[in-house]
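These are the residues of each chain, in order.
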Amino acid sequence: MSSRVKNKQPTKMVPVPSHSIIPERDIDKAPILECQHLGIDFGGLTAVNDFNLTVGRTEIAGLIGPNGAGKTTVFNLLTKVYQPTRGTILLDGKDTHGMNTVQVNRAGIARTFQNIRLFDKLTVEDNVKIGLHNQIRYPMWSGVLRLPSYWKKEKLAHESAMELLHIFDMEDLANHQAGSLPYGAQRRLEIVRALATNPSLLLLDEPAAGMNPSETADLMENILKIRDTFQIAIMLIEHDMSLVMGICEGICVLNFGQVIAKGTPAEIQANPKVIEAYLGSQKKEG
Amino acid sequence: MSLLNNLINGISLGSVYAIIALGYTMVYGIAKMLNFAHGDVIMVGAYICFFATGQFGLPPVVGVILAMVVCTVLGVVIERLAYKPLRQAPSLAVLITAIGVSYFLQNSALLLWKSDPKSFTSVVGKGSFKLFDGQLTITHVALVTVVACIVIMLALTWFTGNTKMGKAMRACSEDKGAALLMGIDVNRTISMTFAIGSALAAIAGALYCSTYPTLMPTTGSLPGIKAFTAAVFGGIGSIPGAMLGGILLGVIEIFAKAFNTQISDAVVFAVLIIVLLVKPAGLLGKTVREKV
Amino acid sequence: MKKLTPSRKRLINNSITYGMVIAAFVIIQIMKAGGMLSSSLQGLLVPICAYVTMAIALNLVVGISGELSLGHAGFMSVGAFSGMVFNIAMQSAIPVAPLRLLCAMLVGAVFAGIAGVIVGVPVLRLRGDYLAIVTLAFGEIIKNIINILYIGVDENGLHFSTQNEAALGLAEGGKAILKGPLGVTTNVKLSTFTAGFILVLVAITVVLNLVNSRTGRAVMALRDNRIAAESVGIGATKYKLIAFVTSAVLAGAAGALYAMNYSSVAAKQFDFNASILILVFVVLGGLGNIRGSIIAAALLYVLPELLRDFYDFRMLIYAIVLILVMLATNNPTFKQFFGGLFARLGRGSRKGGAQE
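Residues numbered from 1 in each chain as written. Chains lettered and ligands numbered in written order. Predicted model: local features only at pLDDT ≥ 70, side-chain atom pairs only at ≥ 80, totals over all residues.

### Here we look at the overall build of chain B
Of regular secondary structure, chain B possesses 11 helices and four strands. For a compact globule of 292 residues, the expected C-alpha radius of gyration is about 19 Å, and chain B comes in at 19 Å, within 12% of that figure. In terms of principal-axis extent, the alpha carbons of chain B reach across some 60 × 45 × 35 Å. Classification of the 292 residues of chain B by burial places 53% in the buried group. Contacts spanning at least 24 positions in sequence make up 76% of the contacts within chain B whose residues lie at least 6 apart. (Helix = DSSP H or I, 4+ residues; strand = E, 2+ residues; numbered from the N terminus. Rg over C-alpha atoms; globule rule 2.2 N^0.38 Å. Buried ≥ 20, exposed ≤ 12 C-beta atoms within 10 Å, placed from the backbone. Contact = placed C-beta atoms within 7 Å.)

### Comments concerning the overall build of chain A
Of the regular secondary structure elements, chain A holds 10 helices and 10 strands. Expressed as a percentage of the 286 residues in chain A, the buried residues total 48%. For chain A, restricting intrachain contacts to residue pairs at least 6 apart in sequence, the fraction spanning at least 24 positions comes to 71%.

### A look at the nonpolar core
One finds C:Ala55 and C:Leu257 to be the most contacted residues of the largest nonpolar core, which totals 309 residues. Setting aside its immediate chain neighbours within four residues, C:Leu257 contacts C:Val46, C:Cys49, C:Ala50, C:Met105, C:Ser191, C:Ala195, C:Gly196 and C:Leu199. (Core = buried A, V, L, I, M, F, W, Y, C linked by C-beta atoms within 7 Å.)

### Here we look at the interface of chain B and chain C
Across the boundary between the two partners, chain B contributes 33 residues, which contact 33 residues of chain C. Where the side of chain B that touches chain C is concerned, the elements lending two or more residues are α4 (91–113), α9 (221–234) and α11 (264–278) of chain B. The element best represented in the side of chain B that touches chain C is α4(B), accounting for 14 residues. Here the side of chain B that touches chain C is composed, by residue class, of 26 nonpolar, six polar and one charged. (Nonpolar A, V, L, I, M, F, W, Y, C, P; charged D, E, K, R; others polar.)

### Describing the packing of helix α2 (residues 38–55) of chain B against helix α3 (residues 60–83) of chain B
Residue and element names in this part refer to chain B. Orientation of α2 relative to α3, taken along the N-to-C sense of each, is 145°, at an axis distance of 8 Å. Classified by chirality, the crossing of α3 by α2 is right-handed. Across the interface between the two elements, Val41, Val44, Gly45, Ile48, Cys49, Ala52 and Thr53 from α2 touch Pro60, Val62, Gly63, Val64, Leu66, Ala67, Val70, Cys71, Leu74 and Gly75 from α3. Of the residues contributing to the contact of α2 with α3, the split by class is 13 nonpolar, four polar and no charged. (Axes fitted to C-alpha atoms, helices over the stretch in contact; angles between N-to-C directions. Left-handed = near helix turned anticlockwise from the far one by under 90°.)

### Focus on the interface of chain C and chain A
Of the residues lining the interface, 23 residues belong to chain C; the matching set on chain A comes to 31 residues. Elements with a contribution of two residues or more to the side of chain C that touches chain A: α6 (193–211), α7 (214–224) and α8 (226–231) of chain C. Broken down by class, the residue content of the side of chain C that touches chain A amounts to 11 nonpolar, eight polar and four charged.

### Overview of the sheet that holds strand β4 (residues 86–91) of chain A
Across a sheet, strands are paired by hydrogen bonds formed along the backbone, either parallel or antiparallel in direction. All names here are of chain A. If you trace the four strands from one edge of the open sheet to the other, you get β2-β1-β4-β5, paired in antiparallel fashion. Two strands bound the open sheet, and with one partner strand each, they are β2 (45–56) and β5 (94–95). Where strand β1 (residues 31–42) and β2 come together, eight bridges link them in antiparallel fashion. Each residue of the ladder has a partner; that of Leu38, found in β2, is Phe51. Contacting β1, β2 and β4, helix α1 (residues 71–78) runs over the sheet at an angle of about 70° to β2. (Pairing = 2+ DSSP bridges.)

### Concerning the sheet that holds strand β3 (residues 175–179) of chain C
Residues and elements named next belong to chain C. Sheet architecture is open: three strands sit in the order β2-β1-β3, paired in antiparallel fashion. Here the strands that pair on one side only, and so sit at the sheet edges, are β2 (157–161) and β3. Strand-to-strand, the axes of this sheet are offset by a mean angle of 20°, without reference to chain direction. Direction of pairing for strand β1 (residues 150–154) relative to β2: antiparallel, over a ladder of five bridges. Paired with Ile151 across the strands is Phe160, a residue of β2. Strands β1, β2 and β3 of the sheet are contacted by helix α3 (residues 72–89), whose axis makes an angle of about 170° with β3.

### Structural notes on unusual backbone geometry
Residue and element names in this part refer to chain A. If you check the backbone angles, Lys80 has positive phi at about 60° while not being a glycine. Following the sequence through the fold, Lys80 ends up in the loop between α1 and β4. Positive phi outside glycine occurs at Gln231, with the angle close to 55°. Position of Gln231 relative to the elements: it lies in the loop between α7 (213–230) and β8 (233–237). For Gln231, a count of 11 C-beta atoms within 10 Å translates into the label exposed.

### What about α9(B)?
For α9(B), which comprises 14 residues, the first-to-last C-alpha distance of 20 Å matches the rise-based estimate of 20 Å (1.5 Å per residue) to within 8%. Judged by how many residues are buried, α9(B) sits mostly within the fold: 13 of 14 residues are covered. (Expected span 1.5 Å × (residues − 1).)

### Examining the confidence of the model for chain A
Residues and elements named next belong to chain A. Of all residues in chain A, 88% have pLDDT values of 70 or greater, and the mean over the chain is 86. Mean pLDDT in chain A bottoms out at helix α10 (residues 272–279), which sits at 81, and peaks at strand β6 (residues 109–111), which reaches 96. This stretch, residues 1–18, has a pLDDT under 50; its non-local contacts, to residues over four places away or in other chains, come to 36 contacts. (pLDDT = per-residue confidence, 0-100.)

### A closer look at the packing of helix α2 (residues 39–64) of chain C against helix α10 (residues 272–285) of chain C
Residue and element names in this part refer to chain C. Running from N to C, α2 and α10 point in directions that differ by 70°, and their axes come no closer than 9 Å. The angle between α2 and α10 places the two elements in the roughly perpendicular class. Crossing hand, α2 versus α10: right-handed. For the pair α2 and α10, contact is made by Tyr51, Met54, Ala55, Leu58, Asn59, Val62 and Gly63 and by Ile278, Leu279, Phe281, Val282 and Gly285, respectively. (Parallel < 35°, antiparallel > 145°, perpendicular 65-115°, else oblique.)

### Here we look at the environment of B:Gly245
All names here are of chain B. Mapping Gly245 onto the fold places it in helix α10 (residues 239–259). In this structure the C-alpha to C-alpha distance between Gly245 and Val123, which are 122 residues apart in sequence, comes to 25 Å. Each residue touching Gly245, except ones within four places of it in the same chain, is listed here: Ala21, Ala230, Ala231, Phe233, Gly234, Gly282 and Leu283.

### Some points on the environment of C:Asn209
Looking at the secondary structure, you find C:Asn209 in helix α6. Ignoring sequence-local partners within four residues, the contact set of C:Asn209 consists of A:Gly143, A:Val144 and A:Arg146.

### Concerning helix α6 (residues 164–174) of chain B
Inspection of α6(B) places B:Ala168, B:Met169 and B:Cys172 among the buried residues, and these make up the whole buried set. Summarising the axial view, the buried residues of α6(B) lie within an arc of 105°, below the 170-degree limit, and thus occupy one face. (Arc of directions from axis to C-beta.)

### Overview of the environment of B:Val69
Tracing the backbone through its elements, the reader meets B:Val69 in helix α3. Sequence separation of B:Val69 and B:Ala195 is 126 residues, and the distance between their C-alpha atoms is 9.2 Å.

### Structural notes on the confidence of the model for chain B
All names here are of chain B. For chain B, per-residue confidence averages 85 on the pLDDT scale, and 97% of positions sit at 70 or higher. Ranking the elements of chain B by mean pLDDT puts strand β2 (residues 128–131) last, at 72, and α3 first, at 91. Two numbers describe this predicted complex: its pTM, 0.86, and its ipTM, 0.86.

In structure tokens:
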């Protein structure tokens, strides 16, 4: 995507535009993710078609569009919850064709879910430790027999989990049951769990849904902090335009499974097609 | 000729499986639960029919109708007491409850009617048609069973396609929430499904025991499980699927029996496993995608 | 009171479980020495240990892994028969009884583990009700196969047949061990209560240690949310299989222990009813609650034996209890009612202390 342009006066047709809060900095635009002609059909219905997108190594990209536009489907294609009918996905130049969800995660894509999917009955700490599954490893029998490697790696897992929880200042909640957390905390925990898998691309599906404005503001700062600390690419689906316009360097607009616009926040805000998709056609029928 | 005889026996047995499988498939399609106790409703039906015709000397048709009435009530009561409170519960809990109900019926029967096998008198009579100089035998039971199965399947297909209740059933099987919003009484529809399934179980019980006359409290469980296999085989939720699966399974079982009696059940279950692995949705079923 | 951290709570909980089992063993040994145990009750000690182990093993699958297995008696059966064949065939080679028992249990565990892999690889790709029904099918298939299997031994080694005893073609001095539907009738009894106690301890250790490790967390993650678990790189089949096979291995050892308590064992003893009995133990003890499984299995196995008059009603009452427990734990109205009931009972016996 094109480089970040300094924020201009928002076009008045687009809902809730806002100021960019990203400080001036160089971002690594060498592609980590390349989607080429990606598409999927459900039965006879084409849910996503000819989806092309490139995301840079430390870029924050937004995926927006009206409800039912196919945004979550794109995430499901990237993480191979659905196998694409057409097209290729290159992650760090490597084709992910034939991989399943597990392999894609190991290759470096982690995600959160629109309808939160935590391990409700387990503690917050265990949720993060499960995210660390492939990062801190020891064999099964070491656990059963309580060999020294078990104690060493468990200690490491505990420390890493606490360190990750610190991003959102959630260490105090470590012993709580994940399902009992308030909504916002559950969303944050999902992000921490995804980060624990050490991804190079983090997919956030409506991270600010259900959050109040001050929580959203915190989240925006935290997303930037995550990108800067971990030096990873983040792609997010969000309906809160202040968040999208505020932190995304590049935005892709989807409608009826088709990309209708790509560009910087400013370009998107000025794009008549986007305005039409959100507000309906200006022309009256008949 | 023995091949043809086996085929006829297989289709007859398969028709019984098909009738039972219809009950499974309708309940599974609409309530999304595996009614493990369905096989034991068959057993209850057979006992009622046995006592009505044997003990009280009622004509067979009355016996079967009485069994249908009792089973219908039983099915609805089971649904109300055991399954309805668990509408929102995880499927594991519902399945364990259904197993509990199955055991409850079996052991109640054991206490009421004792474990000694009863010899069931055929509701159709013992006659048979002999063709090709007696080389090929078609019993009246076999004929009635096959005809009953076809009639029931056609009637159910018409019912689900053309009546208001039938359409409500299809709506509930697609999306209970949406059906509720459209003013469909979901609880009543599910009760109705259990009623129909249980009435069919009574018919199946009478026909099964007419062919295999040993009646015990455990009589229903094996045909029940096999009929579920048949329903899965044909594609659960599909009425023609249940019929197709039932008949195929019956034929496979009879041929396996001709080969080796001891392992015929193993063959039937092996078929189930292979079907589920190769085509999890069954022959005529459709795959459902989990929403993420 | 200071709030306990989960790891500390876990430590206390596990200590109670181990302590309870060890205390029970010591008390029973003292009672045995003092002649306070009737011979019929003494005869139950080994089967109790076997069924406690079965309950722990099944809880690993149903409670921890969240998959319903209706064929666990099949694994018990595999363990029982492979153990017995080993026992009889190796009678002269390994004369020391405890060592032979240990080896027989290992053999039973290995064969049941192999059966677990054979069953698990295809089955665990399925989900929910289908998985349950297929495990049931496998249980029946295992029973059917053992029913037609004939195994004999002579100086040339083991002989197998699916026809009859004569088809084994045994040499002079050889003997048939497994005789199809008759099962094994010439088994040498080896099991002791101490062996059973050790097996129970091993089962507890394996399951509790597994649960509190990386592997166990992966298994529970898959139970709680399969899609989320896969999204963080946990392969469903592998971890479901680990839980399933571990459970089968324990079931096999329990089966061998159980069989070694009798001189004659037939395949029909390990039918669907046996699988359900174990499931009842697990459900009543609480899904995922190992201590509950142990208590439920021990009590429910002994009670009907003690109250002979009640025997006919046993399965009926189990059925009713099974239904009621499911309703009580899964229906909001029932939950509230029973919750209130237990709270009142709890207040009567304890002072305040919150129930975990």
